[in-house]
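What the coordinates show
Listed here are the chains, written in short residue letters.
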Amino acid sequence: MGGWSKYRRLLWMQIRTSLTYAMQYRLDFLIEGVVSIFWVGVTLIPLIVVFGKRETIAGWTYDEALVVVGMFVLLKGVLEGAITPSLMAVVEHIRKGTLDFVLLKPADAQFLVSTTKLQPWSLIDVFGGAIVIVAAFVRMGTHPGPVQVAAGAGVLAAAVLVLYSIWILVISLAFFVVRVDNLSYLFTSIFDAARWPISVFRGPVRFAFTFILPLAVMTTYPAMALLGTLETSVLLASTLGALAFAVFARQVWKQAIRRYTSASS
Amino acid sequence: MLRRAITAWPTLLRVGFAEAVAYRAEFLVWILSTTMPFVMLALMSSVASEGKIEGFDQKDITAYYLATFLTRTLTGAWVVWEMTQEIRQGTMALRLLRPIHPFVSYASSNLAALPLRGMLAVPLLVVMLVVTPQGLTHDIRFLAAAVLAIAFAWALNFLIMACIGCVAFYAESATSLFEVWLGVWMILSGYLLPLALFPAPVRAVNEYLPFRLMVDLPVSLMLGRLDGQAALTGLATQAVWIAGVGTLAMVLWRSGIRRYQAFGG
């Protein structure tokens, strides 16, 4: 292992390859961009319409709910731009048996498969989400202090980690059942529920979205951290939980890789 | 031409059904991925718990979204994906060799999946009757009208998709166009929100558009929210739109296929 600098160089290479690839399809880039912006609008309209009738919903004002939607759009961009395409490529590798070529390379396999395919146009979603969040704060006439920004960024990073770890687990499943592309489709649909503050959900659904499939951790907590309403204990617990989950996913991935190697030899 | 289609129809349906059964797991995932009605149900139910919204109390809201899910499940089509893929890959040529209009074979494969969808629809209907016994209309005439409206909604959905599929003869971006259509459809059809929640000007314009015929009309009939006059007008409007869009689809197909043949040499 060459340490950090090797992986930094490798990451840069991977990003450059993805960019070069995407730049071959400039018109697609433009169209995808317009469609992305359009979908941000589709996500916002129900909220605008419903808040036209009510001051607050489940204890959230319109502007606060906007911050959650902003987080949702941003994370969706990360999911569709950086996580899903790369890991779907692994499924293809496993099916075709070409994963051997990846495993033979003198770098960590999980790192390689996680960075091979990035879709630059999803950055538009990430920016779109950020703009929605900024707009919400401008409307409120306040801005988060440095502590809140740091906390928000921290919880958001934890959210990305959780999202990525769930994907790693799904991909590990691919070593056993191969057909997981539909599972990814299902997950993307369930992720749609993360667009509302978690307090909208009640009873067992809220429990499931907090602890089993932690959608609350992904959008509501980062938004609350920015708004300065997240308790420090929840912040610490969710960050530690995310780290523990990532370690667990890593172990499962290693087990799965071992199984793959022994199956082909 | 028509006689041939009628003779081949039962066989086409059998083939389509066998396909649906062969891909039953994918099929199930695909239906389970229709999460949007439930995501919206969570939000709206939270809103309605604090008091009626536009005449909808919590039970009405539950009935509304269950009916929406049912309508979506029974009126789904995927001809636009089949067409764009076959045109791009050139496999459309195989379909053209058959002595039957491709629209007929697409329609039969879409319809043949209905029994499998129905298997999911029936338990949902039971749930609906248990959760909100008063939600569903008990008038058999309106239920019959709802069944007819669902059939018409499917036809309209299928033909609009076929029109957009024909765009693939000319442009690569037919799927992007479909995404835009889907977004507008989600908002204006009543799929995301009951149309009564929208501001009056939006509703006035929407009266003249086809979107509301595809979700709002069948759902309103099912829930018994329309009088006899409105039901008949709605069904007649659906029929007019089907004739119009059907003609457009045929025109687009004829001119598109001429171009396609020129490509094939």
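What counts, and at which threshold
- Residues numbered from 1 in each chain as written.
- Chains lettered and ligands numbered in written order.
- Predicted model: local features only at pLDDT ≥ 70, side-chain atom pairs only at ≥ 80, totals over all residues.
- Heavy atoms only, no water.
- Helix = DSSP H or I, 4+ residues; strand = E, 2+ residues; numbered from the N terminus.
- Rg over C-alpha atoms; globule rule 2.2 N^0.38 Å.
- Contact = heavy atoms within 4.5 Å.
- Areas by Shrake-Rupley, 256 points an atom, 1.4 Å probe, with all protein chains shown as cover.
- Lys, Arg positive; Asp, Glu negative; His and termini not counted.
- Charge placed at Lys NZ, Arg CZ, Asp CG, Glu CD.
- Expected span 1.5 Å × (residues − 1).
- Buried < 20%, exposed > 50% of the residue type's maximum accessible area, 1.4 Å probe, protein only.
- Arc of directions from axis to C-beta.
- Buried area = accessible area lost by both parts, 1.4 Å probe.
- Salt bridge = Lys/Arg side-chain N within 4 Å of Asp/Glu carboxyl O.
- Polar contact = N/O pair within 3.5 Å; in protein donor to acceptor, adjacent residues only side chain to side chain.
- Nonpolar A, V, L, I, M, F, W, Y, C, P; charged D, E, K, R; others polar.
- Core = buried A, V, L, I, M, F, W, Y, C linked by side-chain atoms within 4.5 Å.
- pLDDT = per-residue confidence, 0-100.
- Axes fitted to C-alpha atoms, helices over the stretch in contact; angles between N-to-C directions.
- Parallel < 35°, antiparallel > 145°, perpendicular 65-115°, else oblique.
- Left-handed = near helix turned anticlockwise from the far one by under 90°.

1. Focus: the overall build of chain A
Along chain A, the regular secondary structure elements total 11 helices and 2 strands. Listing each helix as α and each strand as β along chain A from the N terminus yields α-α-β-β-α-α-α-α-α-α-α-α-α. By the compact-globule yardstick of 18 Å for 265 residues, chain A fits well, its C-alpha radius of gyration being 20 Å. Excluding contacts between residues fewer than 6 apart, the proportion of contacts in chain A whose partners are at least 24 apart in sequence is 79%. Total accessible area on chain A stands at roughly 13,200 Å², and carbon and sulfur atoms take up 70% of it. If the 21 positive side-chain charges of chain A are averaged to one point and the 13 negative ones to another, these points end up 8 Å apart.

2. Let's talk about helix H1 (residues 4-23) of chain A
All names here are of chain A. With 20 residues, H1 ought to run about 28 Å at 1.5 Å a step, and its terminal C-alpha atoms sit 28 Å apart, in line with that. By the burial criterion, the buried members of H1 are Tyr7, Gln14, Ser18 and Ala22. Here the buried residues of H1 occupy an arc of 70 degrees about the axis, which is enough to place them on one side. Away from its buried face by more than 90 degrees, H1 exposes Arg8, Arg9, Thr17 and Thr20. Summarising the contacts, the buried residues of H1 are in contact with helix H2 (26-51) and helix H5 (109-115).

3. Details of the interface of chain B and chain A
Facing 35 residues of chain B, the contacting portion of chain A comprises 27 residues. With both sides pooled, the region where chain B packs onto chain A buries about 2,800 Å², and carbon together with sulfur makes up 70% of that total. Where chain B packs against chain A, one counts 1 salt bridge. Residues lysine 53 of chain A and glutamate 54 of chain B are paired through a salt bridge, measuring 3.0 Å at the closest nitrogen-oxygen approach. Counting across the interface, chain B meets chain A through 8 residue pairs in polar contact (both at pLDDT 80 or more). Residue contributions to the side of chain B that touches chain A peak at 9 residues, all from helix H3 (residues 36-48) of chain B. Classifying every residue of the side of chain B that touches chain A by side-chain character gives 20 nonpolar, 10 polar and 5 charged.

4. A closer look at the pattern of salt bridges
Tallied over the full model, the rule gives 9 salt bridges over all chains. Put simply, arginine 95 of chain B and glutamate 86 of chain B hold a salt bridge, and the shortest N to O gap is 2.8 Å. A single burial state applies to arginine 95 of chain B and to glutamate 86 of chain B, both of which are buried. Connected via shared salt-bridge partners are Lys76, Glu80, Asp192 and Arg195 of chain A.

5. Overview of the nonpolar core
Phe191 and Met218 of chain A together with Trp185 and Leu193 of chain B are the most contacted members of the largest nonpolar core, which totals 167 residues. With 18 residues, the top contributor of residues to this core is helix H3 (residues 62-96) of chain A.

6. Re unusual backbone geometry
Unusually for a residue other than glycine, alanine 58 of chain A sits at a positive phi of about 50 degrees. Among the structural elements, alanine 58 of chain A can be located in the loop between strand S1 (56-57) and strand S2 (60-61). The phi dihedral of glutamate 54 of chain B is positive, around 50 degrees, even though this residue is not glycine.

7. Digging into the environment of phenylalanine 187 of chain A
Residues and elements named next belong to chain A. Secondary-structure assignment places phenylalanine 187 in helix H8 (residues 181-191). Residue classification places phenylalanine 187 among the buried positions, given a relative accessible area of 7%. Phenylalanine 187 sits 65 residues away from serine 122 along the chain, and the two C-alpha atoms are 18 Å apart. Dropping the residues within four chain positions of it, phenylalanine 187 is found in contact with Leu79, Leu163, Ile166, Trp167 and Leu213.

8. Topic: the confidence of the model for chain B
In this model, chain B carries a mean pLDDT of 87, and residues with pLDDT of at least 70 account for 98%. Here the predicted complex scores 0.88 on pTM and 0.85 on ipTM.

9. Re the packing of helix H5 (residues 79-89) of chain B against helix H10 (residues 174-188) of chain B
Residues and elements named next belong to chain B. Two numbers describe how H5 lies on H10: the axes approach to 10 Å, and their chain directions differ by 165 degrees. The angle between H5 and H10 falls in the class roughly antiparallel. Between H5 and H10 the crossing geometry is right-handed. From H5, Val80, Trp81 and Thr84 reach across to H10, where they touch Ala174, Thr175 and Phe178.

10. Section: the side chain of serine 86 of chain A
Residue and element names in this part refer to chain A. With respect to the helices and strands, serine 86 occurs in helix H3. On the basis of relative accessible area, serine 86 is assigned to the buried category, the value being 1%. The contact partners of serine 86, leaving out residues within four places of it in the chain, are Val113, Ser114, Thr115, Thr116 and Lys117.

11. Looking at the packing of H3 of chain A against helix H7 (residues 146-177) of chain A
Residues and elements named next belong to chain A. In contact at an axis separation of 10 Å, H3 and H7 are set at 25 degrees when each is read in the N-to-C sense. It follows from the interaxial angle that H3 and H7 lie roughly parallel. When the axes of H3 and H7 are compared, the crossing they make is right-handed. Contact residues: H3 offers Met71, Leu74, Leu75, Val78, Leu79, Ile83, Thr84, Leu87, Val90, Val91 and Ile94, while H7 offers Leu156, Ala159, Val160, Leu163, Tyr164, Trp167, Ile168, Ile171, Ala174 and Phe175. Across the contact of H3 with H7, the residue classes break down as 20 nonpolar, 1 polar and no charged.

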